[in-house]
Structures are given as C-alpha cells and as structure tokens.
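Residue-level structural notes
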Amino acid sequence: MQNLTFEVNADGVAIITFDMPGRSMNVLNEASIAEYGEAVERVLAEVNIKGAVVTSAKPTFIAGADLDWVLALADADLPPNQRAINVYETVMRLQKIFRRTENGGKPFVAAINGLALGGGLELCLACTRRIVADDPRIQLGLPEAKVGLLPGGGGTQRFTRIMGPLQALPLLIEGRAVSPEEALKLKIVDEIVPSGELVSRAVHWILCSSPEDWIKPWDRKGYKVPGDDPRTLEGSFAFAAANALQRKKTYGNFPNLDAIQKAVYDGMMVPIDTALRIETRLFASLMTSDVAKNMVRTQFVNLQKANKQERRPADIPARKVAKLGVIGAGMMGAAIAHVAAKARIPVVVVEKDAESAGKVIQHIRTVNPKGAEALLPLIKPATDYAALAGADLVIEAVFEDSAIKADVIRNVEAACPAAIIASNTSSIPISNLARAASRPERFIGIHFFSPVERMQLVEIIKGKETGNEALALAIDFVRQLRKTSIVVNDGRFFYTSRVFATYTTEGCLMVQEGIAPALIENAGRMAGMPVAPLALCDEISLDLIYRINQQDAKDLGRAFPGSPAETLIERMVANEGRLGRKSGKGFYEYPVDGRKRLWRGLAAIAPLKAEQPDVETVKQRLLTIQALEAARCLEEGIVATPADADVGAYLGWGFAPWTGGPLSYIDMVGAKAFVERCQDFTARFGERFHPTPKLVEMAGTGGRFYPSAAKPQKAA
Amino acid sequence: MQDCYIYDAVRTPRGRGRPDGALHEVPPLDLAAHVLRALRDRNNLDTSLVDDVVMGCVMPVGEQGSNVGRIAALNADYAETAAGVQINRYCASGLEAVNMAAAQIMARQSEVAIGGGVESMSRVPMGADAGGWFTDPEVAFKTYYTPQGIGADLIATKWGFSRTDVDAYAVQSQQRAARAWEEGRFARSIVPVLDELGQVLLDQDEHMRPQTTMQDLAALKPAFAAMGDAMGYDAVAIQRYPEVETINHVHHGGNSSGIVDGSAAVLLGSKEAGIRMGLKPRARIRAFTSIGSEPSIMLTGPEKVTRKVLARAGMTTADIDLFELNEAFASVVLLFQQLLDIDPEILNVNGGAIAMGHPLGATGAMILGTALDELERADLNTALVTLCVGAGMGTATIIERV
C-alpha cells in the first residue's frame, strides 16, 4: 500500500493511517480509495481484527476528493450519456466502501487529527464513530457546493439523518466548514479529545464497545429522519419556504444547489442505500453539466493558480513590503491604508493638510470600530512627503487627474528614490502616468476595488516600461494583503473597469430605449449578476460616472455626450440633481426608513415603449456585452489568458459565477451560437455587439477558449 | 346525449372555521350527510334512483379521507346502490362535482346524480394534505410555486388595484350579503344544522360582519407581506413576472375569503328522471368547462374559462343575466370585472365569500345554488358561475332557467 499504512496493534485494533507520498495533504483519488477499500475489507475479513481506527500522518486529515481525478472522469472519452454513468459507477464504488465501514459488522472510528473537508469528512461520517482533536482551527465541512458540485460521498444523506433536512440544507448549500466545537453541537462528531490522545481514545472505545453501539440510527428498524417532515402540514410549509428562499437567492442559476435540495428531499423519504444512489445519480449528472465544470475551473482551479501567481518573475527573490506609503486619504487611500495595517504593514498616509490626513483614522474607526485601536499605531498620517523615507512601495490614490498625479509622482520620487511607485488609477493608462517618473521601470499600476476591505481582487497593470522588480513587489504586496491579483497590460480602464462598465452602460442604454427599469434590474439579478445595473450605477455614484464620461471624451477628443447612456447620466446629474445612493436619490429613491425603490420620474425622462422585450433577451444582452468586451481585451492583449479574464471577472465584479466567467460563458453558449447572437443583437440593438474577428474565426472552426478541463493541483 | 336539469340545490349555513365555530363539533361525514339527507327529505327522493354522488373535498385526509362522497351517502342512509366519489379541483371542487355529475347524465351514464361538496376547515385545516407541489424542490422551482395570497397581491399590483379598491369591494360584499340574509334571499337553499336533540347549531352564515366599514378594514395589516418577504415568495413571483419591481400587498382577512365549515349538494337528473322523481326541473345545465392558466399568479383563470364556456355555449357576456364569481380575494373579482367589462350590478349581487366564507370543497355548489335562487327571485334567465382555482385553473358553468 502506498497511500496509507495498515498496522494491527497488540489489542487487535487496526490503525489505518493515510499518508500520501509527495503531497502536503491527503486526498481521495482512484488509488487511495482502492487502498482504503482493501484496508476496510481486511479489517472485516480477518478474525483477529476487532475494528479499525482511521487517521492521518499529515497535519491535516483528508482534504477531499482529488478534483483532477473527478474532472477527468467528467471528461472521459465516452459518449455523453455514458460519461455520467461512468461517474455514477465510480462514485458508487466509493459509497459502497464507506457503507462497509458503517454496516460491515465491525467498528471503524475516525480519529480526525486535522482538517477534513468534502470526501474526507464524508469518509468520517460513514465511520461508526468520529472523534476530533481539540484544535479550534480544524475545519470540518462539505464545501462542494462552492465549486458547482454536491457532496457525492454520502454527505447530503448523512447530514440529513444526523441533524434533520432543514438544518442540514444551509450547511450543504453554503458549503460552510465548522470548528470541532460546532461540529460536536451539530453531532457531526461524537467527541472532542486532546490531540495526543486521539488514537488511544479511539482504540479504547473500540475495545469497550459492543455490537449494539455500532449500528447507526438509520440502520435500525422504525427509524425516522429527525426534524421537519414535508408530508405533515407544518413540515410542508417549512419545506416550501426553504424552496422559495433558495429560488430567491439563486434564481435557478446553480443546478448544483437545486440538486442538493432535491437530494435531501428525495433521499429522506427512502432507506439510506436507496438514498445514496439518488445522491450519486445527481452528482453524476452535475459532473457532466457545464455549470459545474465552469465553476470548478474558475472558482477553484484557476483561482488557485491566480493565488500562486504564475506570472511573478521567477528570478526576483520574494519580498515583503516593510513600510508602505499612501498618497491621498480619500475613500480609496484610507481603505488601502486600512487593509495594509490589517496585514501588519506600517503605513504612512500623506495628504495636503492635517485634517485631510486625519480622514484615514476616521475611515478606519467607522468601518472597523472594534479593531481600530489595534491598527492605529501602524498608521502615520503626514503632510510632508519626507515621512515616506524608507518606504518600499508608495501608492498614490489622489484625484483622477493626470496633472495632479504627475506632481505627486515627482514628489514621491524625490522623497524615496528607492521605492516602487504605484498608482491606484482606474482609467488613466499607466504608461502615460509613468512619463512623470524618472525611472518608469519602477512605476506600476495597482488598482484596488471599492470597498477595498471586502473586494478580493487587485488589478496589477504593467506599463510599457514597468520592470520585473516592480511587478514582483506588487504581486508580493497583494499576497501580503491576502488578496488575489491578476496582471493585465496597459490600456484605458485596463480590464476590470472597462468590461464591467459595459454592464452599467447597457442598463442605461436599455432605459433610453424605453425598456421598463424593473425589467432591466430583475434581468440583471436573474442573469446572476450580484447587483442590478441601475442599482450599481447608484452605488458607484452617477456624478462619478458623469465625470469619468466627460474625462474620457476629453482624453479621446470625442463628442460628449457620445451615446444615449451618457445623455441619460448627464440628464440625471446635471438636470435632475440625482447623484446616486450617497445623495439619497439616483435611479432609485433611498428613503431613510425602508427599502430603495425605482424613481417614478424616470419614465418622464425615458418613456416606456409599448412592447416590452422578454426577460431572456434582456439577460442575454447584459451578459453578452460583457463577454464580448472581455474577448476584445484578450484579443488586444490587455489580459494574457482566458483564465485571467474569467478570474478577474469573477473576483472583480462578481460576473455571473454560474458561468465561470465571461469567456467560459462564450464557450458554454458555443462560439457559433454566440457569434450568431452578436450579429442578431448588432442588427437590433447596435454596433457595440459586433463580434470580433477572432470570435468569428472560432465560430467557423468550433474553437473554444478552454479546449479541455484544466489540470488542478489540489483537492476539493 | 341528453339534457341535464337541476332539480334542487341545498347548502348548510357556513360556520366559522375555528374551534369556536358553530359547526366545529360536526364531523365532516355528518356535515356531508346533512345536505344529502336534506335533498332526499325535501324532495321525497327515492335514493335508489341516485346513480352517483360526486363530492368535492380539497383536504381529503384524516376525517375527510377515504372518499367522503361514497361514505357520506352511506352515512345519510342512501340506498347502497348509490355510488360515490370524492374529487379535488381545489376551490372549484363543488362546481366541478356538479359538472362531472352533469356530464354523466348528459352522456347517459347516469340518470340521477348529485354534485356537491364538504369542507370542515376547522377540523381538517388548509394544508393538511401537504403535497409535493411546493415541497419537492424540483416541482416548486419548475412551477414557480407561490401561495395564493401572493398571487392575489400580484394581481392587484399588475392591474393597479389599490388597497382602497379592494377594501371597497369587501365592504360591498358584506353589505350585499347582509341584505340578502335580511330579505331571505337564501331561504330556499339553506338547511339549518341541528343537533340530535333538534336544537339549532347554526342557521345563518356566522362569518359575516355587516357593519364593516372602510375604516375597519384600513386598520388591518396585509396578511401576506411577511410571507412574501421572509419566506421568499415575493422574489419567486417577481422572477416569474420580472416586469414587476415589488409586490404591493393589499389583501388581508377582511378582503379575502373567510375560512369556514360547510357543505352543499345539487340534485341533477335527466328529463325522464325528473318525471320519475315527480319533480319539476328548476334549470338546465347549458355548458361547463375547466381551463388551466399560469400557475404562479394562480388566480387569473376566471376570465379565460368564462370566455371558453361562453364560446362553447355560443353565447357572449351580454347573454348572461347574473355572474357569480367566488370571492377568493377581492382583486380576483376586480380583475374579472375589468377584463370582461362586467356590470358590477349583476356580479355577486348577494355578496360572496369575503362576507360569508369559502368552505373549499363545497363553495362551487353553494354559489351555483345562490345563482339559481337569485334567477328565480328576480325572474331572470341565465347565470354564469365561475371560480378561480389553485395552480392556475378555472371552472365555469352556465345555467338557464326552465
């Protein structure tokens, strides 16, 4: 056996220890499962073996199923209907092995010494008993839902039978992991013991237990699943509400979440062996569905890659920013300083006067009242650039004006010539700003998103002359902040702002066409976008959009307003004085008490047309325009790879997670169908939907952005 | 084919659908038997002539399980040769039962049949039968299931019926019902429920509040707002109707049908059967049908089924003297009125379920009797009876006096 060791102790108890060679964590894959199955059968067959303890030699227990292996199953070279059956049969073999530990006639105790997720926890759930070490950092959970899958190793059925269906559902759907203490409360584990005693206590229990103790409740006669029963009046209301809330939150965009709900509902009505088959069938269907593959690829595989940051120049040694400078204590500057302080990086914040500099303290106190005091010693507000001396990295976050920024850059260079200088600009090309630097190779863009405290993505922009040292430090810095960076090349608005602006712009264009605002907003959410387009405009602030539009026109020397969308924004801001959420009124009204409501006056500015489009068309317009722009960015070399485009979209503005990202979306629709749709939309709605030459080429050849499932490194 | 005639129609008064309701102590099988006995006794009916007893019951579980149609007939001491069946087309069951009985007669499968219904909502509450429609996630998602109250509020939102509009309709229902009782307009159909000692348990619809004013109703909180929000149903409805920004919740207990106990039965037969029974026919069944429509908004069926049944009868709304549409929720009636341009003076002239209550499986047969009584009282000819129905259905029947 290569992946685990099997020893029988003096008392006749087998100790099965997972320890896969060449890996930092144990995973379940074809080999380790087969060996576990052998080990289980040996325990059950050999007369002198009384039972088994299952544990791990690594710091963690088992991290889950090897996604590499699972994805390969899903893409196996078989006719489509057979692929799903192949997955079904493979997973059923695992289910059967687990079931043997549950009802094979001898006790199996999972001695959980560390993290157990997904299939790793499911292995434990099937064991006779689960004891866990008393380390509060241990994570126990079934996170499959987070990557477009469902727990296919008995997790949905055993959670349901342990805690009741409506208690199990939130854990399954959120994919949330819990600590040992919470796991004990939920009865996911039976006991918490000091980690040194884990195996000995497991052995002891086996030796002292009797066959009565080994039978799970659901293997006893007359067993009833605890909690709500949908066949009763009260239970039916509770289940109906759970269904409605699921629909409310996910709009039917996540087949895996619907499948989890169905697995719990169908499974609870039947004996467990039947239930496990139902669960496995649903898992197999998902594995061969586009949504699951898209989500696994973007939210797991490519996100991990992005976090490993393969774009970092290999020859530059890793560095940590020991002192950060931030110029500007506005909304962005203050928030950047805040997250740096949270990462224990000392920050100097420079502003034109003391009061402005003090805004950073105010900001931190406002958004982080509990943690502020601990952070403030790391923050030094200043009015003199000299305070920056010794900084490794200085980020300017001043007003979006090239001249002002150029001035700042020169001052920073003078104060700390050794520092890497970065700009948080969202629109001005880095190469342009770099002209103010005497050493442009030390100048780079580091673009944060608002609210900085919550947004995971940071866009790093290479100017034409940005050097490797600057790039490496920027990447290292973002990693210090525990955020994820994508590296993009220079261009107006770079990648993220450029693409998601098409979403808000399309919303405005549709208003001007006379499409009902309620329809536009609902379509945005139903398409899977986290915020509806007009609501998003209000969040960003209509006057900011207005300024950006005007600046853009000025920079490019074009007419303003240049489109009905720009006309609408100008009308809202300049004529109606509606600036967005911050002023209590934008496309929505924001009453002090109560929910926001679409502004009734919008119909006077943009009269509704008599015939309204169907919601599917509106959804498609909103997603298609973004996907097109992302494709353009790839073709122009703004983003280097489809993975960057998709991860950036997912993290940067929450682009419909169920699609896996804008380019995954095009793959899902199919290049040919997508191009046909673009041509149809061009004719009906405008030139902006014109497909790119590359896309037209892909439509002809049947090309894809992702030719086959990517090879992931880690487990689910 | 032969014509089907209505020979008699009876109903119990409606008791409050709560433990303190006057009919709460009457087991459902007794309640159902009560109207069957009344039909027999009032008409000197030889029950061995009855081919089938079709009874609507929407919660056919517990005490209302086991086919109340057949068992109530036995319980009423009908001849054992009278078959019986329980049917469920939700709120229209009582009318559907009449329609099915009529179809049997017209097709010459039966000569005499009874269509009616029973519902003891105080003993077997709404929802008692559970059901996979809303509990099975796959089905709930597919059908965009939302409870009927949300549908009613969605109708009010989409067609612009304000809180004032629906409350005004409710006040009218109360006033018309009160007037009808005062004037004895229901006297021919009502069979008071007595205990075994002959004492009156109930002889009048006890849900009514004749003194209801707009002010009284204005004080009531919308009944479905919390459910719509906290349980997610508003969001589901809006996903089905994405042109709606937010649902305006206007319905409450005072402008929705009352929860009550009651039963009803209608005696139907062919011409020859009438002669054999020694009874004069009161009306002829002219046409009947059911339809399906969008199940999520659920309650828009009446206009569509009315158009269909009129077309089948070769008639238009102008040919109908009286309309009877079950007042499940005020907005349902207001919508029907608007879409078909119906004169409110000939619609629900004696009030409806908002004032008197809606015993689910029985109502359809009750309002048929109400329409028949009113045709006779006012010396009019044709009436159209219809109800909105769960899961988007609608049922309608046209009768004409003979």
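Residues numbered from 1 in each chain as written. Chains lettered and ligands numbered in written order. Predicted model: local features only at pLDDT ≥ 70, side-chain atom pairs only at ≥ 80, totals over all residues. Heavy atoms only, no water.

Assigned secondary structure in chain B consists of 15 helices and twelve strands. For 402 residues, the compact-globule formula gives about 21 Å, and the C-alpha radius of gyration of chain B, at 20 Å, lands near that figure. Looking at chain B as a whole, 63% of its 402 residues are labelled buried. For chain B, the computed accessible surface area is about 14100 Å², with 50% contributed by carbon and sulfur atoms. (Helix = DSSP H or I, 4+ residues; strand = E, 2+ residues; numbered from the N terminus. Rg over C-alpha atoms; globule rule 2.2 N^0.38 Å. Buried < 20%, exposed > 50% of the residue type's maximum accessible area, 1.4 Å probe, protein only. Areas by Shrake-Rupley, 256 points an atom, 1.4 Å probe, with all protein chains shown as cover.)

Looking only at helices and strands, chain A has 29 helices and 19 strands in total. In terms of overall size, chain A behaves like a compact globule, its C-alpha atoms giving a radius of gyration of 28 Å where 716 residues would be expected to give roughly 27 Å. The principal-axis extent of the C-alpha atoms belonging to chain A is close to 85 × 65 × 55 Å. Buried positions account for 60% of the 716 residues belonging to chain A. Restricting the contact set of chain A to residue pairs at least 6 apart, pairs at least 24 apart contribute 74%. Counting every atom, chain A has about 28500 Å² of accessible surface; 54% of that belongs to carbon and sulfur. (Contact = heavy atoms within 4.5 Å.)

Our focus in this paragraph is the interface of chain B and chain A. At the interface, 28 residues of chain B touch 32 residues of chain A. When the buried area of chain B at its contact with chain A is split by residue, Phe141, Gln239 and Glu245 of chain B rank highest and sum to 28% of it. Our count for the chain B to chain A interface comes out at five salt bridges. In this structure, the salt-bridge partner of Arg595 of chain A is Asp229 of chain B, at a minimum N-O distance of 3.1 Å. Across the chain B-chain A interface, the total number found is 15 residue pairs in polar contact (both at pLDDT 80 or more). Per-element accounting of the side of chain B that touches chain A gives the leading share, five residues, to helix H10 (residues 233–240) of chain B. (Buried area = accessible area lost by both parts, 1.4 Å probe. Salt bridge = Lys/Arg side-chain N within 4 Å of Asp/Glu carboxyl O. Polar contact = N/O pair within 3.5 Å; in protein donor to acceptor, adjacent residues only side chain to side chain.)

Glancing now at helix H6 (residues 148–159) of chain B. Residue and element names in this part refer to chain B. If you check H6, its first and last C-alpha atoms are 16 Å apart, about what twelve residues at 1.5 Å a residue would give, namely 16 Å. Taken residue by residue, H6 has Gly149, Ile150, Gly151, Ala152, Asp153, Leu154, Ile155 and Ala156 as its buried positions. Buried residues belonging to H6 abut helix H9 (225–230), H10 and helix H13 (330–340). (Expected span 1.5 Å × (residues − 1).)

Here we come to the packing of aromatic side chains. Applying the stated criterion across every chain, the model contains 20 aromatic pairs over all chains. Ring centres of Trp218 of chain A and Tyr223 of chain A lie 6.4 Å apart, and the angle between their planes is 70°; on these two criteria the pair is classed as edge-to-face. Classification of Tyr223 of chain A by relative accessible area gives partly exposed; the value is 26%. With centroids separated by 5.5 Å and ring planes inclined at 70°, the aromatic side chains of Trp181 of chain B and Phe186 of chain B adopt a geometry described as edge-to-face. One exposure class covers both Trp181 of chain B and Phe186 of chain B, and it is buried. (Phe/Tyr/Trp six-rings, centres within 6.5 Å; stacked < 30°, edge-to-face > 60°.)

A few words now on the confidence of the model for chain B. On average, residues of chain B score 98 in pLDDT, and 100% of them are at 70 or above. The ipTM for the predicted assembly is 0.92, set against a pTM of 0.91. (pLDDT = per-residue confidence, 0-100.)

Moving on, we come to the sheet that holds strand E4 (residues 108–112) of chain A. Residues and elements named next belong to chain A. Taken in spatial order, the six strands line up as E1-E2-E3-E4-E6-E9 in an open sheet, and their pairing is mixed. Edge strands, defined here as strands with exactly one partner in the open sheet, are strand E1 (4–8) and strand E9 (191–193). In this sheet, adjacent strand axes meet at a mean angle of 20° when their direction is disregarded. In terms of strand pairing, E4 meets strand E6 (residues 129–133) through four bridges, oriented parallel. Each bridged residue has a counterpart across the sheet, and for Ala110 the counterpart in E6 is Arg130. In the packing of helix H8 (residues 198–208) onto the sheet, contacts are made with strand E2 (13–18), strand E3 (51–56), E4, E6 and E9, and the angle to E3 comes to roughly 165°. (Pairing = 2+ DSSP bridges. Axes fitted to C-alpha atoms, helices over the stretch in contact; angles between N-to-C directions.)

Right, let's talk about unusual backbone geometry for a bit. In this model, Ser450 of chain A is joined to Pro451 of chain A through a cis peptide bond whose omega is -5°. Mapped onto the fold, Pro451 of chain A is located in the loop between strand E15 (443–448) and strand E16 (457–462). Cis geometry marks the peptide bond from Phe560 of chain A to Pro561 of chain A, where omega comes out at -5°. With respect to the helices and strands, Pro561 of chain A occurs in the loop between helix H22 (542–556) and helix H23 (564–575). The phi dihedral of Tyr251 of chain A is positive, around 55°, even though this residue is not glycine. Checked against the element boundaries, Tyr251 of chain A lands in the loop between helix H9 (233–250) and helix H10 (255–268). Here Tyr251 of chain A falls in the partly exposed class, since its relative accessible area comes to 21%. Of note in this structure, Asp77 of chain B is not a glycine but carries a positive phi near 60°. As for its position among the elements, Asp77 of chain B is in the loop between helix H2 (68–75) and strand E4 (83–87). When its relative accessible area of 56% is taken as the criterion, Asp77 of chain B is described as exposed.

Time to look at helix H14 (residues 354–367) of chain A. The periodicity of an α-helix, 3.6 residues per turn, causes residues three or four places apart in sequence to face the same way. Residue and element names in this part refer to chain A. Taking 1.5 Å per residue, 14 residues should reach 20 Å; H14 reaches 21 Å between its end C-alpha atoms and fits that length. Among the residues of H14, Ser356, Ala357, Val360, Ile361, His363 and Ile364 are the ones counted as buried. The inward-facing, buried residues of H14 contact helix H13 (331–342), strand E11 (347–350), helix H15 (372–375) and strand E12 (379–382). Where H14 begins, the capping side chain belongs to Asp353, and its oxygen is found 3.1 Å from the backbone nitrogen of Glu355.

A word on the side chain of Asn256 of chain A. Residue and element names in this part refer to chain A. Looking at where Asn256 falls in the secondary structure, it is placed in helix H10. Exposure remark for Asn256: the relative accessible area of 1% places this residue in the buried category. A distance of 3.1 Å separates a polar side-chain atom of Asn256 from the backbone oxygen of Leu149. Every residue in contact with Asn256, bar those within four places of it in the chain, is listed here: Glu144, Ala145, Gly148, Leu149 and Leu286.

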